[in-house]
Amino acid sequence: MAINFQAVFCGVRCVKALVIVMIKTPLCEMLGIEYPIFQGGMAHISDGRLAAAVSNGGGLGIIAAGNAPKEYVCEQINIARSLTDKPFGVNIMLMSPHADDIAKLVADMRVSVVTTGAGNPAKYIASWKEAGIHVIPVVAAASMAKLMERLGVCAVISEGGESGGHIGDMNSMVLIPMICDAVKLPVIAAGGIADGRGLAAAFMLGACGVQMGTRFLSADECNIHPAYKEKILKASDRCTIITGKRLGHPVRSLRTPFSRNYEKMEYSGITDDELEAFAVGSLRKAVVEGDPENGCFLAGQTAAMVTKYQPAGEIVREVTEEAAAILKGASKWVK
Ligand code: TUI
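Residues numbered from 1 in each chain as written. Predicted model: local features only at pLDDT ≥ 70, side-chain atom pairs only at ≥ 80, totals over all residues. Heavy atoms only, no water.

S.K.: Now, about the sheet that holds strand β6 (residues 113-117): what can you tell me, with residues and values included?
M.R.: Spatially, the 8 strands line up as an open sheet ordered β3-β11-β10-β8-β7-β6-β5-β4, and their pairing is parallel. Looking along the sheet, the strands with just one partner apiece sit at the ends: β3 (37-39) and β4 (61-64). Here the strands of the sheet are splayed against their neighbours by 25° on average, with no regard to which way each runs. When strand β7 (residues 134-139) meets strand β8 (residues 156-159), the two strands line up parallel, connected through 2 bridges. The partner of Val139 across the bridge, within β8, is Ser158. Docked against the sheet, helix α7 (residues 172-182) engages β7, β8 and β10 (187-190), running at close to 155° with respect to β8. Sitting on the sheet, helix α8 (residues 196-204) is in contact with β3, β10 and β11 (209-212), with an inclination near 135° to β11. (Pairing = 2+ DSSP bridges. Helix = DSSP H or I, 4+ residues; strand = E, 2+ residues; numbered from the N terminus. Axes fitted to C-alpha atoms, helices over the stretch in contact; angles between N-to-C directions. Contact = heavy atoms within 4.5 Å.)

S.K.: Tell me about the pairing of β11, residues and numbers included.
M.R.: The alternating pattern of β11 places Gly209 and Gln211 and Val210 and Met212 on opposite faces, both of which are buried. In this structure, β3 lies alongside β11, joined through 3 bridges in parallel fashion. Directly across from Phe38, in β11, lies its bridge partner Gln211. Two strands pair when backbone bridges link them, and β10 and β11 are joined in this way by 3 bridges, in the parallel orientation. (Buried < 20%, exposed > 50% of the residue type's maximum accessible area, 1.4 Å probe, protein only.)

S.K.: A description of the nonpolar core should follow, citing residues and the corresponding values.
M.R.: Grouped together as the largest cluster of nonpolar side chains are 79 residues, with contacts concentrated most on Ile77, Ile92, Val106, Trp128, Val156, Phe216 and Tyr228. In terms of domain composition, this core takes at least three residues from each of domain 1 (25-223 + 308-328) and domain 2 (240-298). Excluding residues within four positions of it along the chain, Trp128 makes contact with Ile92, Ala103, Val106, Ala107, Val114, Thr116, Pro121, Ile133 and Val135. Membership of the second largest hydrophobic core comes to 16 residues, among which are Ile62, Ala155, Ile157 and Ala190. (Core = buried A, V, L, I, M, F, W, Y, C linked by side-chain atoms within 4.5 Å. Domains from an automatic or database assignment.)

S.K.: Any chance you could break down the environment of Gln301 for me, citing the residues and the numbers?
M.R.: Note on placement: Gln301 falls in the loop between α12 (282-289) and α13 (312-329). Along the chain, Gln301 and Gly161 lie 140 residues apart, while their C-alpha atoms are 9.0 Å from each other. When neighbours within four sequence positions are excluded, Gln301 is seen to be in contact with Glu162, Thr240 and Arg252.

Remember that the coordinates give geometry; whether it matters functionally is a separate question.
So this is what it looks like as structure tokens:
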């Protein structure tokens, strides 16, 4: 729980009092976590160290499998287990050629939570449930949420188009309430959330937790190139761009020479294969090399709201404390 020392005035004496901030939702009980905050599984970025730091901070850390082979994911699960006793998750990117292998690996290793993205996880769900895994798919539409509910998942993540990376075409303000109306499951809101205002707003729209990706890019434990972090901290509004619609995979990233060139090429006469070849290796170039010219720096629209470097656990506590203060004050509008 977040412990906050606040100055309390008692007559003329000022004493430090312990104020304990607690936000508990059914999601916390279901997963055995302290705060209803997930760290998004960001391909090439969310490793075992970041996931463990978030879980140790009371949220749910998530390792991203991305396009990596099962050996990498196994290693990251072992790293996370060496750093925390708390639950954490693995995100499986379903367009990965290794998705089948990783689906089996997470069942064999009895990971607490599996989230999925960029596709329909239907064929894996029964085996994950048999292994006692909490299955929580990312959905970008209410119809998909309903389908997942019929297949027996325990919650869904509603991901709005404000997010970084591969996105759907609905934004959080409408998507969250629509998904909450469509299913009886707990809904975790993602997309456009980076602080306590977002967490409080997500609750008001019917969600019982949030997932944040971009906010965790500035975490001390996030192992991306320093130039990537700096770009996030310097980002202003309208700093992101959506490319990839032509190939059917819209992706949000920072406006950079790479993304502008990609956009130009998308509307030029080149073939789909040439376009695809142009992007190969660009995520790695951003994350590992911080390459300002050829890197693809995935980020959500909240990049402009990320203003400081801090430990991941502090992010979890700060967002919770901000939301608690806002929620306590909200009743002032009700007469
Ligand atoms: O998956 C993500 N975000 C990602 S994956 C990724 S790696 C990548 N890089 C380049 C191109 C494509 C992928 C980077 N960012 N978010 C979760 C998410 N899932 N967003 C949208 C969806 C989604 C889309 C369609 C979920 C289900 C779905 O179902 C369609 C179907 O098959 O019925």
